Amino acid sequence: MHVLRHTYASVLLDAGESIKALSAYLGHADPGFTLRTYTHLLPASEDRIRRAIDKALGGDQPSADARQALDGLDTA
């Protein structure tokens, strides 16, 4: 059962669930405990942060050349 509990937590964190919500789901009285226990599963959060900032700043938009190639309009 212990492994199942950790798997549950891992899946939720990978899906982007917050530590506070996960703490409540697991019945932890202190979200800090949950964070200390599962912090090793959060390195992917850096990628999510970068993607969120890129999206907010329009950095996820392909260049005009890339859009043209994707649309099949590239004649080269």
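Since the structure is predicted, the reported quantities are computational estimates derived from the model, not experimental observations.

Here serine 23 is to be found in helix α2 (residues 19–26). Here threonine 34 takes part through its side chain, which lies 3.2 Å from a polar atom of the side chain of serine 23. The residues contacting serine 23, other than those within four sequence positions of it, are His28, Asp30, Pro31 and Thr34.

To continue, consider the pattern of salt bridges. Here the structure, examined in full by the defined rule, presents 1 salt bridge. Between arginine 36 and aspartate 30 there is a salt bridge, with its nearest N and O atoms 3.8 Å apart. Residue classification places arginine 36 among the exposed positions, given a relative accessible area of 58%.

Bringing α2 into the picture now. Helical geometry note: an α-helix holds 3.6 residues per turn, so side chains three or four residues apart project in the same direction. Within α2, burial applies to Ile19, Ala21, Leu22, Ser23 and Leu26. Among the structural elements, α1 (2–14) and α3 (31–38) are those in contact with the buried residues of α2. One or two residues past the end of α2 sits glycine 27, with phi positive at roughly 80°.

By the secondary structure assignment, proline 31 is in helix α3. Residue classification places proline 31 among the partly exposed residues on the basis of a relative accessible area of 32%. In this structure the C-alpha to C-alpha distance between proline 31 and lysine 20, which are 11 residues apart in sequence, comes to 5.4 Å.

On the surface, a nonpolar cluster with roughly 340 Å² of combined accessible area is contributed by Ile49, Ile53 and Leu57. Its place among the elements puts isoleucine 53 in helix α4 (residues 45–56). Assessed through its relative accessible area of 46%, isoleucine 53 is described here as partly exposed.

In terms of nonpolar packing, the biggest core is built from 7 residues, these being Ala9, Leu12, Leu13, Ile19, Leu22, Leu26 and Tyr38. Those elements that place two or more of their residues in this core are α1 and α2. Once residues lying within four places of it in the same chain are set aside, the contact partners of leucine 13 are Ile19, Leu22, Tyr38, Leu41, Leu42 and Arg48.

Basis of the calculations
- Residues numbered from 1 in each chain as written.
- Predicted model: local features only at pLDDT ≥ 70, side-chain atom pairs only at ≥ 80, totals over all residues.
- Heavy atoms only, no water.
- Helix = DSSP H or I, 4+ residues; strand = E, 2+ residues; numbered from the N terminus.
- Polar contact = N/O pair within 3.5 Å; in protein donor to acceptor, adjacent residues only side chain to side chain.
- Contact = heavy atoms within 4.5 Å.
- Salt bridge = Lys/Arg side-chain N within 4 Å of Asp/Glu carboxyl O.
- Buried < 20%, exposed > 50% of the residue type's maximum accessible area, 1.4 Å probe, protein only.
- Patch = residues over 30% accessible without salt bridge, like charges linked within 9 Å, V, L, I, M, F, W, Y side chains within 5 Å.
- Areas by Shrake-Rupley, 256 points an atom, 1.4 Å probe, with all protein chains shown as cover.
- Core = buried A, V, L, I, M, F, W, Y, C linked by side-chain atoms within 4.5 Å.

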